[in-house]
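Report on the structure
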Amino acid sequence: MFLSQAEAEAAAAAAAVSITGAGVASGAGGAGGINLEPLFSTLITGVAPSITAPVVDATATHGHSDAPAAGRARSGSNASVASHASSMHAPLPAANTADSLAAAQGKDAPSLGYQFWQVLRRMIVGYYRNPPVLAMRVFVVTLLSLIFGLIYFDLTPNSQSTTIALLSVLSVSTLFGAVNHAGSSTPNLMLNRVVLYREQASQMYSAWMWGLAGFMTEAFYAIFTAFLVQIPTYFMAGLDPAPAVFFRHYFAVYVIILCYLSLSTLLSSATPNMAVAGVGQGIFFGLLNTFSGIANPLPSIPRGWVWFFRMLPSSHASEALVMSQVGTCTPLPNCGPLITVVKGTQTVQVHLAAFVSDYLGFVFGSWGHAIGWMFLWIVVLQTLGLIAITKLNFSSR
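Residues numbered from 1 in each chain as written. Predicted model: local features only at pLDDT ≥ 70, side-chain atom pairs only at ≥ 80, totals over all residues. Heavy atoms only, no water.

Some points on unusual backbone geometry
Look at the link from Thr-330 to Pro-331: it is a cis peptide, with omega at -10°. Within the element layout of this structure, Pro-331 appears in the loop between helix H13 (313-326) and strand S1 (338-343). The omega torsion across Leu-332 and Pro-333 is 0°, close enough to zero to call that bond cis. Mapped onto the fold, Pro-333 is located in the loop between H13 and S1. Not every positive phi belongs to a glycine, and Asp-154 is a case in point at roughly 50°. With respect to the helices, strands and loops of the structure, Asp-154 is situated in the loop between helix H7 (131-151) and helix H8 (160-201). What makes Asp-154 exposed here is its relative accessible area of 54%. (Helix = DSSP H or I, 4+ residues; strand = E, 2+ residues; numbered from the N terminus. Buried < 20%, exposed > 50% of the residue type's maximum accessible area, 1.4 Å probe, protein only.)

In structure tokens form, the structure reads like this:
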């Protein structure tokens, strides 16, 4: 059966009305249509709307449309479209530029003191939880101190040879302990430097905090290990047991260890790997031990090398160690026990303090000057180490 033109136009108009009604019902949350409004809302505003349960119109379910309800749905849909259109013309949020990020980080980041305390605390706890590092250091330092104590057991300076042996045990035993501290510190710092590079890439803290915290951690544990460097050798060799002399000697030992640890911190910050740091340690340790003033005292140093001899902290270290043991009598230097000294073909009796002053070329009364010079070395080495760890980055990418 064929429809006439008028009937075909009427059927098309009825179909258009039914499609329009279904679209309105779907916009109002009807069960028979697909609600595309949340998708359009997300694309326009960038924010996903809350999902609610669809509202089912009973009349729409039974196929009966309510004109007032359809009008309300159509007006609500128009209001939603209007709000979406207005949001399209709203100003966008400001971009996260470098300045805004820095300002936000500076506003929300903790203080420098808190950051440094957390880094220092973590490094101290990390050393405590790493027994091989501290245990091996304690074992080697104690063993060396016992060996030197046995070699120079009950040493009595009554001749030229025994006096030189006294100077040797004071200087060499301390320098060996300092070398052990620095040698065991460098590999640990080089290993922890990898953690620094990772956390520095995340901008968790500044690099100088890591360098300073590493030195302070080593200095903290050296308070205890310096006693192990001193005590066995000190009492086994028969040195002065007076408390004032003992603690002056201990303080000098501690400052010498800090000098070597500062050198270790510098090498671990300024060298790319442990191989290069080991070469640097060998060079510096050799120079420091050679110019310590015992094997090559100041009067025997060539004139052109005197400036280098007095510049290094090891010569001042020997001076501070000897002064605390020999320079306890008055009036210096003509005081103290007499020793037998060979001069030419004759043997003469001279005071111990006078012979030590002539042999080493030191002047009594400069103990504070020697300690101050070593502290200057610590400050210089630490400053160079902090600059190196801040400016240099050896991380492999």
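Some words on helix H6 (residues 112-128)
In a regular helix each residue adds 1.5 Å, so 17 residues correspond to 24 Å; H6 covers 24 Å between its end C-alpha atoms and thus fits that length. Tucked inside the fold, the buried residues of H6 contact H7, H8 and helix H9 (207-236). (Expected span 1.5 Å × (residues − 1). Contact = heavy atoms within 4.5 Å.)

Observations regarding H8
Its 42 residues give H8 an end-to-end C-alpha distance of 61 Å, which sits within 8% of 62 Å, the value for a rise of 1.5 Å per residue. Once H8 ends, the next one or two residues include Gln-203, with phi positive near 60°.

Some points on the state of the cysteines
Throughout the structure, instances matching the rule amount to one disulfide. With a sulfur-sulfur separation of 1.9 Å, Cys-329 is cross-linked through a disulfide to Cys-335. With the S-S dihedral at roughly 65°, the linkage between Cys-329 and Cys-335 falls on the right-handed side. Residue classification places Cys-329 among the buried positions, given a relative accessible area of 18%. (Disulfide = S-S within 2.5 Å.)

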